[in-house]
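Below, each chain spelled out in residue letters.
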Amino acid sequence: MLGSQILVAAAELGAGGIVGIAVATLVVGLVAGFFGYRLWLKKKQSDAETEYARVLEEARLEAKNLRKDALLEAKEEQHRLRNELDKETRDRRAELQRQEQRLNQKEDMLGKKEDVLDRKIENVDKTRKELEAREVKIKEVEEELKNHSENMMKELEKVSGMSREDAKAQLIGEMTEEAKRDAVGIIKEIEREAKEEGERKAQNIVALAIQRCAVDQAAEATVSTVELPGDEMKGRIIGRVGRNIKALESATGVDIIIDDTPDVVTLSSFDPVRREIARLTLQKLVADGRIHPGRIEEVADRVRRDMDATIKEAGESAVFDAGIYGIHPELVKLLGRLKYRTSYGQNVLKHSLEVSYIAGLLAGELGADEKIAKRAGLLHDIGKSIDHEYEGTHVQIGVELAKKYKESEKVIHCIAAHHGDVEANSVEAVLVQAADAISGARPGARRESLEFYVKRLEKLESLANSFAGVEQSFAIQAGREIRVIVKPDRVDDAETEFLAKEIAKKLENELEYPGQIKVNVIREVRKVEYAK
């Protein structure tokens, strides 16, 4: 409106008036703007103050709330700390009370112990004084006894005619002899118990092994003679100018001895197989009646073939009976040859089977290798099958054969050690030794010649008689026991024990025998008086 008024006024005034009006309008506008701006600033200031007051009030309220919350938290924390402090204080107070109680108890106990210790000290002092008094009395008694003993010793020396040194030496000698007798008695008792226990266990094992063995125990002797139906048959065996007997010896490889013995022809050869072939050939020829060189060769060849088959069958049967497998065929044949080999009248093949059975059973009882023991027991005497053909002992030959036919080292060692040629280093080797001794030493197993038997008994008695103090000795029980009678004035009871051990040791070192020999030393004292 003001503007329109100004425009109207300007129109009326003209141009000069317009400028004045414009200036006036500008001034008015500036004044109006100034006052309007101040009004706006006041309003803005008023709004700002209001907002400030509002914010300040909110800040004051928030600060008040925060302070209130902080105070609450501080109070709660203070309360919690106070509770913890109270609890810790109570715990410490209780612990201190407990410690105080323990200290009081210890003080009471220490007080009691001090009282007891004081009483003990008083008793010890009292006992010490009593002991000192007794010690004085004992010294007085000892002095008195010493004087009395010296007087008695002087009297004893006068009565006995011996000095103190002589009496002491005699007493020491008597005590030594008594100790020696006691020691011998103790040793004897220990040895007796150990021997009884060892013998009992050994007997049980060996008896069980032999019982389970169950083989034929009869001894077999090789026949080296052929019975004839009459003496006229001897002439037919000899033949014209001896051609038949020469053909027979050539075909069989044995010596045929025809002497004055009626109705008997003797065959001689180191080879038992050849001797058996000759015996069977001669028996067939005598039974057939046709005896001439051609017939002799024919029958000998047939018997030899049959003998080879028999030998092989015997070896295979032995291997089967022993329950052993994998033996070389040549060793099987050599085993079969042992059927016609004897040792002291004992058939070697049966002996080998027996050793195999016993060694295997012993190994089973003792937890050793049963297969090795049985195999080595069967092959231990394999060298005897050809020991007449080669130099060396049957042990050496057996070892060479076992090596040749690829037997194991354990079996070879058992063969080498079964007669003690080498030291046994395995349980199986020891068991083969024991089984060999059991089989060879059992009653009826072997037959010795009378001359060898008598010489062995004489040697047994002479070894026993070589000891000082021995009066007589007698070999009894076929050489399995020797009874030695000693002179009672030269050998006392204690020395008999040592003498028995020495005799047994000498027999072991110098005498060869199967099984064992019992040494029985006898000392007898007889006193005779007559009533008159």
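Every chain begins its residue count from 1, and numbering advances along the sequence as written. Local features in this predicted model are restricted to residues of pLDDT 70 or higher, and side-chain atom pairs are both shown and tallied only at a pLDDT of 80 or more, whereas totals for entire chains, interfaces and linings draw on every residue. Excluded from the side-chain calculations are hydrogens and water; all other atoms, namely the structure's heavy atoms, are used.

Trainee: Describe the pairing of strand E3 (residues 264-268), and please don't skip the residues or the numbers.
Mentor: In this sheet, E3 lies alongside strand E1 (residues 225-227) in antiparallel orientation, the contact comprising three bridges. Bridge pairing links Thr225 to Thr266 in E3. Pairing analysis gives three bridges linking strand E2 (residues 255-257) to E3, with the strands arranged antiparallel. Following the sheet pairing, Ile256 is matched in E3 by Leu267. Whether two strands pair depends on DSSP finding at least two bridges between them. For helices the rule is a DSSP run of H or I covering at least 4 residues; for strands it is a run of E covering at least 2, with both sets numbered from the N terminus onward.

Trainee: Could you give an account of the environment of Glu407, with specific residues and numbers?
Mentor: Position of Glu407 among the secondary structure elements: in the loop between helix H11 (394-404) and helix H12 (409-417). Contacts are assigned to residue pairs with any non-hydrogen atoms lying within 4.5 Å of each other. When near neighbours in sequence (up to four residues on either side) are disregarded, Glu407 contacts Leu331, Arg375, Leu379, Ala402 and Ile412. Counting of polar contacts relies on pairs of N or O atoms within 3.5 Å, with two restrictions inside protein: one atom must be capable of donating a hydrogen and the other of accepting it, and residues adjacent in sequence are counted only when both atoms are side-chain atoms. Polar side-chain contacts of Glu407 include one of 2.7 Å to the side chain of Arg375.

Trainee: Run through the nonpolar core, naming residues and quoting values.
Mentor: One finds Val319, Ile327, Leu331, Leu335, Leu378 and Leu401 to be the most contacted residues of the largest nonpolar core, which totals 43 residues. Elements with a minimum of two residues in this core: helix H7 (293-322), helix H8 (329-337), helix H9 (348-366), helix H10 (370-379), H11, H12 and helix H13 (427-441). If one sorts the elements of this core by residue count, H9 sits on top with nine residues. Not counting residues within four places of it along the chain, the set of residues in contact with Leu378 comprises Ala318, Val319, Ala322, Ile324, Ile327, Leu335, Ser352, Leu353 and Ser356. Formed by 26 residues, the second largest nonpolar core is a distinct cluster that contains Ile237, Val254, Leu282 and Val299. As used in this record, nonpolar core signifies buried Ala, Val, Leu, Ile, Met, Phe, Trp, Tyr and Cys residues forming a set joined through side-chain atoms within 4.5 Å. Burial status follows relative accessibility: with a 1.4 Å probe on protein chains alone, a residue under 20% of its type maximum counts as buried, one over 50% as exposed, and anything between as partly exposed.

Trainee: Can you explain the packing of aromatic side chains? Please cite residues and give values.
Mentor: Think of it this way: a Phe, Tyr or Trp ring, Trp meaning its six-membered ring, pairs with another when their centres are within 6.5 Å, and the plane angle makes it stacked under 30 degrees, edge-to-face over 60, tilted otherwise. Evaluation of the coordinates by the stated rule reveals zero aromatic pairs. The ring of Phe467 has Lys506 sitting right over it, with the charged end atom 5.2 Å from the ring centre. Either the NZ atom of lysine or the CZ atom of arginine qualifies as a charge over a ring when it sits within 6 Å of the ring centre and within 35 degrees of the ring normal.

Trainee: Could you give an account of the packing of H11 against H12, naming the residues involved and the relevant values?
Mentor: Axis angle and axis distance: for two packed helices, these are the angle between their axes and the distance between the axes, and together they describe the pair. Only the stretch in contact is used when fitting a helix axis, every axis being a line fitted to C-alpha atoms; angles between N-to-C directions are given from 0 to 180 degrees. At their nearest, the axes of H11 and H12 sit 8 Å apart, and the two run at 170° to each other. With respect to each other, H11 and H12 are oriented roughly antiparallel. Of the residues in H12, those touching H11 at Val395, Gly398, Val399, Ala402 and Lys403 are Ile412, Ile415 and Ala416. When residue character is reported, Ala, Val, Leu, Ile, Met, Phe, Trp, Tyr, Cys and Pro are called nonpolar, Asp, Glu, Lys and Arg charged, and the others, Gly included, polar. In the contact of H11 with H12, the residues fall into six nonpolar, one polar and one charged. The cut-offs work like this: below 35 degrees is roughly parallel, past 145 is roughly antiparallel, 65 to 115 is roughly perpendicular, and the gaps in between are oblique.

Trainee: Outline unusual backbone geometry, supporting the account with residue identities and numerical values.
Mentor: For Val241, which is not a glycine, the phi torsion comes out positive at approximately 50°. With respect to the secondary-structure elements, Val241 resides in the loop between helix H4 (232-238) and helix H5 (243-252). Of note, Lys406 is a non-glycine position whose phi angle comes to about 65°, a positive value. Positionally, Lys406 belongs in the loop between H11 and H12. On the basis of relative accessibility, which here comes to 71%, the residue Lys406 falls in the exposed class.

Trainee: Report on the pattern of salt bridges, specifying residues and quantitative values.
Mentor: Salt bridges are defined as contacts in which a side-chain nitrogen from Lys or Arg sits within 4 Å of a carboxyl oxygen from Asp or Glu. Applying the stated criterion to the full structure yields 23 salt bridges. Glu84 is paired through a salt bridge with Arg80; the nearest N and O atoms lie 2.6 Å apart. Taken together, the positions of Glu84 and Arg80, both in helix H2 (residues 15-160) and four residues apart, correspond to about one turn of that helix. The class for Arg80 is partly exposed, based on a relative accessible area of 36%. Ionic contacts of the salt-bridge type, sharing partners, join the residues Asp288, Arg290, Arg295, Glu298 and Arg302 into one network.

Trainee: Account for the confidence of the model for the protein chain, with residues named and values stated.
Mentor: In the predicted model, the protein chain carries a mean pLDDT of 79, and 84% of its residues have values of at least 70. The lowest-confidence element of the protein chain is helix H1 (residues 2-13), averaging 51 in pLDDT; the highest-confidence one is H12, averaging 91. The low-confidence segment residues 214-223, where pLDDT is below 50, has 21 contacts with residues more than four positions distant or belonging to other chains. Per-residue confidence from the predictor is given as pLDDT, running between 0 and 100.

Trainee: Any chance you could break down the side chain of Asn244 for me, citing the residues and the numbers?
Mentor: Counting through the fold element by element, Asn244 comes out in helix H5. Residue classification places Asn244 among the buried positions, given a relative accessible area of 5%.

Trainee: Describe a negative patch on the surface, listing the residues and the values that go with them.
Mentor: Taken together, the side chains of Glu114, Asp115, Asp118 and Glu122 make up a negatively charged region of the molecular surface. Inspection of the secondary structure assignment puts Asp115 in helix H2. Assessed through its relative accessible area of 41%, Asp115 is described here as partly exposed. For patch detection, residues must exceed 30% relative accessible area and be free of salt bridges, and they are connected within 9 Å for like charges or within 5 Å for nonpolar side chains (Val, Leu, Ile, Met, Phe, Trp, Tyr). Working definition of accessibility: Shrake-Rupley area with a 1.4 Å probe, residue cover restricted to the visible protein chains. The positive count covers Lys and Arg only, the negative count covers Asp and Glu only, and His and the chain ends enter neither. Charge coordinates come from a single atom per side chain, which is NZ of Lys, CZ of Arg, CG of Asp or CD of Glu.

Trainee: Which residues make up the packing of H5 against H7, and what values go with them?
Mentor: In the contact formed by H5 and H7, the axes pass within 9 Å of each other and the chain directions differ by 25°. One way to sum up the angle between H5 and H7 is to call them roughly parallel. Both H5 and H7 take part in a crossing whose hand is right-handed. Contacts between H5 and H7 involve Arg243, Asn244, Ala247, Leu248, Ala251 and Thr252 from the first element and Pro293, Ile296, Ala300 and Arg304 from the second. In terms of residue class, the contact of H5 with H7 is made up of six nonpolar, two polar and two charged. Crossing chirality is assigned from the near helix's rotation relative to the far helix, an anticlockwise turn below a right angle marking it left-handed and a clockwise turn marking it right-handed.

Trainee: Describe the sheet that holds strand E7 (residues 481-486), with residues and values.
Mentor: Sheet architecture is open: three strands sit in the order E6-E7-E8, paired in mixed fashion. In this open sheet, the two strands that pair with only one neighbour each are strand E6 (470-476) and strand E8 (518-522). Strand-to-strand twist of the sheet, defined as the mean angle between neighbouring strand axes without regard to direction, takes the value 20°. Pairing analysis gives six bridges linking E6 to E7, with the strands arranged antiparallel. Looking at the pairing, Ile476 lines up with Glu481 of E7. On the sheet, helix H15 (residues 493-510) packs against E6, E7 and E8 and is oriented at approximately 150° with respect to E8.

Trainee: Outline the sheet that holds E2, supporting the account with residue identities and numerical values.
Mentor: With respect to topology, three strands assemble into an open sheet ordered E1-E3-E2, the strand pairing being antiparallel. Looking at strand neighbours, the two that pair on one side only are E1 and E2, the edges of this open sheet. The average undirected angle you get between the axes of adjacent strands in this sheet is 25°.

Trainee: Tell me about H8, residues and numbers included.
Mentor: Counting along an α-helix, one turn takes 3.6 residues, and residues three or four places apart therefore face a common direction. What H8 keeps buried is the set Leu331, Val332, Leu334, Leu335, Gly336 and Arg337. Against helix H6 (272-288), H7, H9, H10 and H11 lie the buried residues of H8.

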